[in-house]
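Per-entry structural report
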Amino acid sequence: MRRPDTTVLLVFALVVLVGGSNFVAVRFSNRELPPFYGAGIRFVGASLLLLALSRAMRLSLPRGRPLAGALAFGTINFGVTYALTYWGLQTAPAALASTLAALTPLFTFLGAVALRDEPFRWRGIAGGGIAVAGIAVIFLEQVHEIPTAALVALALQPVAIAAGTIWAKRLPRAHPVATNAVAMAPGAALLLAIAAVAREPAVVPARTETWIALAYLVVSSGVLFVGFFYVVRRWTASATSYAVVLFPVVTLAVGAALAHEGVSAAFILGAVLVVAGVYVGALAPARSAAAT
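Not measured: the values here are computed from a predicted model.

This brings us to the packing of helix α4 (residues 94-101) against helix α7 (residues 148-170). Two numbers describe how α4 lies on α7: the axes approach to 8 Å, and their chain directions differ by 40°. As far as their axial angle goes, α7 and α4 are oblique. Our pair here, α4 against α7, has a crossing hand that is right-handed. Listed contacts from α7 to Leu96, Ala97, Leu100 and Ala101 of α4 are Leu151, Leu154, Ala155, Gln157, Pro158 and Ile161. The residue inventory of the contact of α4 with α7, partitioned by class, reads 9 nonpolar, 1 polar and no charged.

The next point concerns the environment of Ser29. For Ser29, the position within the fold is in helix α1 (residues 6-30). Classification of Ser29 as buried rests on a relative accessible area of 1%. For Ser29 and Arg207, which are 178 residues apart along the polypeptide, the C-alpha to C-alpha distance reads 9.9 Å. Those residues in contact with Ser29, other than ones at most four positions away along the chain, are Tyr86, Thr210, Ala213 and Leu217.

In this section: the packing of helix α2 (residues 35-56) against helix α3 (residues 65-88). It is at 9 Å that the axes of α2 and α3 come closest, and there the two elements cross at 135°. In terms of their interaxial angle, α2 and α3 are classed as oblique. Crossing angle aside, the handedness with which α2 passes α3 is right-handed. Here Pro35, Phe36, Gly38, Ala39, Arg42 and Phe43 of α2 come into contact with α3, specifically with Phe78, Tyr82, Ala83, Tyr86 and Trp87. Among the residues forming the contact of α2 with α3, the class breakdown is 9 nonpolar, 1 polar and 1 charged.

Definitions and limits used
Numbers given for residues are sequential positions, taken from 1 along each chain in its written order. Note on the predicted model: pLDDT of at least 70 is required for a residue's local features to be given, and 80 or more for side-chain atom pairs to be given and counted; whole-chain, interface and lining totals, by contrast, use all residues. Remark: hydrogens and water are excluded; side-chain values derive from all non-hydrogen atoms of the structure. Every axis in this analysis is a line fitted to C-alpha atoms, fitted for helices over the stretch in contact. Angles between the N-to-C directions lie between 0 and 180 degrees. The numbering of helices and of strands both runs from the N terminus, where a helix is a DSSP run of H or I of at least 4 residues and a strand a run of E of at least 2. An angle counts as roughly parallel when it lies under 35 degrees, as roughly antiparallel when it exceeds 145, as roughly perpendicular when it falls between 65 and 115, and as oblique in every other case. For any pair of crossing helices, the crossing counts as left-handed if the nearer helix is rotated counterclockwise from the farther one by less than a right angle, and right-handed if it is rotated clockwise. We call two residues in contact whenever any of their non-hydrogen atoms come within 4.5 Å of each other. Any residue that is not Ala, Val, Leu, Ile, Met, Phe, Trp, Tyr, Cys, Pro, Asp, Glu, Lys or Arg is counted as polar, Gly included; the first ten are nonpolar and the last four charged. Three exposure classes are used, based on accessible area relative to the maximum for each residue type with a 1.4 Å probe and protein chains only: buried under 20%, partly exposed in between, and exposed over 50%.

What follows is the structure, given as structure tokens:
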């Protein structure tokens, strides 16, 4: 696998920092805003922000096949993925959510192999076993403390992220700002539709911390996914998704500092196993490639 240039690695690091802190911001948002409604207005705001930026940069919005691809990507990546994430984070700690999300590269790798975008490697199977062992360690400690529905939602989250990542890699080339500006709209519409079906109230935040979290999520959404598109266009889908593996490191630090979320030794052990498993299965270079 070809090593990306310095600019790509710097954007990759930015994606890690923003993505990992977002889990904690969602926890703050969920303290006052209903989950689907909160996620929906987040992406309405982010879409409007990117549309304004596209206009200022004089970018053309996607049309035809790129438009259809962007709308499908947005439905999966912003609608389905964040419905699962916000629902699970009502009762689960941010560190658990980001650790489960760290399984994304394995699902991305398997999906890319199935679609013949990337070659199969047996390390994927070995890495999967290690990562599953790490998830088991975490679940054995916390399964009785967290509702089953939240665990299921967060377990499905990496599958949805992987599907969105593979789809993004296959999208026709377009500017990442314009693409995300359009893609966030159907995701926001789906989230607000779910909120309406669930009869969630349209709450106006009363706490300052909620407004700060919501403002951060709107701005960071644009930074996160524009950066993600920039990297995935210049690297493989499975390698790009490795950013998600590093999310727990950021989430643990930010969650402990701002949300006062405790972290046990068993949780740290499980998280280390997940990270190690995903590295072995998705990113570790093959010996033959190194020799070459």
